[in-house]
Each structure stands twice: as structure tokens, then as C-alpha cells.
Amino acid sequence: MIKDFDLLQRANNDYTTIDLEHAEEPETILNISRTMELLDTGEIVSKVEGGKWASDNLEETELINKALTYYHQGLKLKKEETIEFINKYLTIIKTTISA
């Protein structure tokens, strides 16, 4: 867990921009991924770098890799594919930031 105030503020800023209205956007998955990397490593990275990290470190590899591909192709994901991931990691992020 990170204790640096600036990094926590950055994680909070990223967290507050994530919502279910944009669940079909690959950027939503990648923003969550980079926020998870920030919380784990303390490093601020791009969406793509966060997605690559998440693919190696989170269990939802297939969805994350699809988000990376769709992001580069300008395609959208299906909301029903992403809701569980979004809810799971938003809860983890919120809990971590609040701790």
C-alpha cells in the first residue's frame, strides 16, 4: 500500500473518473489497470502500460488483453463483459484509498 500523499491523490483522481456509464470503453478497463498498478508499485503509468501490467498481475487476463487490443482499434467492449471487473476493482481501489 502506498503512503505518499501525492500518489494517493493521483489514485483518487483516477478512481473518481471511472464510472459504469463508460463500461464499454476499453479506456475504463485500462484506467482501472493503471490505478491498480499505481497502488501496487507507486508508479504513474499510461493506460497501455497499466494494461500490460494488469495482464501480468491480475486474474482477468483475457478481458485486459481484449481491452488493450480494442483500445488500439477504436472498438468498444460489451458492457456485460466489463461490469464485474469494474465493480470488483473499484471496490478494491476505494478500500485501499480509504485505508
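Structure report, in brief. (Residues numbered from 1 in each chain as written. Predicted model: local features only at pLDDT ≥ 70, side-chain atom pairs only at ≥ 80, totals over all residues. Heavy atoms only, no water.)

### Quick notes on the packing of helix H2 (residues 26–41) against helix H3 (residues 47–57)
Step number 1: Interhelical geometry of H2 versus H3 gives an angle of 70 degrees and a closest axis separation of 7 Å. On the basis of their axis angle, the class for H2 and H3 is roughly perpendicular. Packed against H2, whose contacting residues are Glu27, Leu30, Asn31, Ser33, Arg34, Met36, Glu37, Asp40 and Thr41, the element H3 presents Lys47, Glu49, Gly50, Gly51, Trp53 and Ala54 at the interface.
Step number 2: A class-by-class count of the residues in the contact of H2 with H3 yields four nonpolar, five polar and six charged. (Axes fitted to C-alpha atoms, helices over the stretch in contact; angles between N-to-C directions. Helix = DSSP H or I, 4+ residues; strand = E, 2+ residues; numbered from the N terminus. Parallel < 35°, antiparallel > 145°, perpendicular 65-115°, else oblique. Contact = heavy atoms within 4.5 Å. Nonpolar A, V, L, I, M, F, W, Y, C, P; charged D, E, K, R; others polar.)

### Comments concerning the packing of helix H4 (residues 61–73) against helix H5 (residues 79–98)
Step number 1: Where H4 contacts H5, the two axes come as close as 11 Å, and the packing angle between them is 115 degrees. The chirality of how H4 crosses H5 is left-handed. Along its contact with H4, which presents Leu63, Ile64 and Lys66, the element H5 presents Glu81, Thr82 and Phe85. (Left-handed = near helix turned anticlockwise from the far one by under 90°.)

### Here's the deal with the nonpolar core
Step number 1: Counting residues in hydrophobic clusters, the biggest one holds 21 residues, and the most contacted among them are Ile29, Ile32, Met36, Leu58 and Phe85.
Step number 2: If you list the elements that add at least two residues to this core, you get H2, H3, H4 and H5.
Step number 3: Per element, the largest residue contribution to this core is six residues, and it comes from H5.
Step number 4: The residues touching Leu58, leaving out its near neighbours within four places in the chain, are Met36, Trp53, Ile64 and Tyr89. (Core = buried A, V, L, I, M, F, W, Y, C linked by side-chain atoms within 4.5 Å. Buried < 20%, exposed > 50% of the residue type's maximum accessible area, 1.4 Å probe, protein only.)

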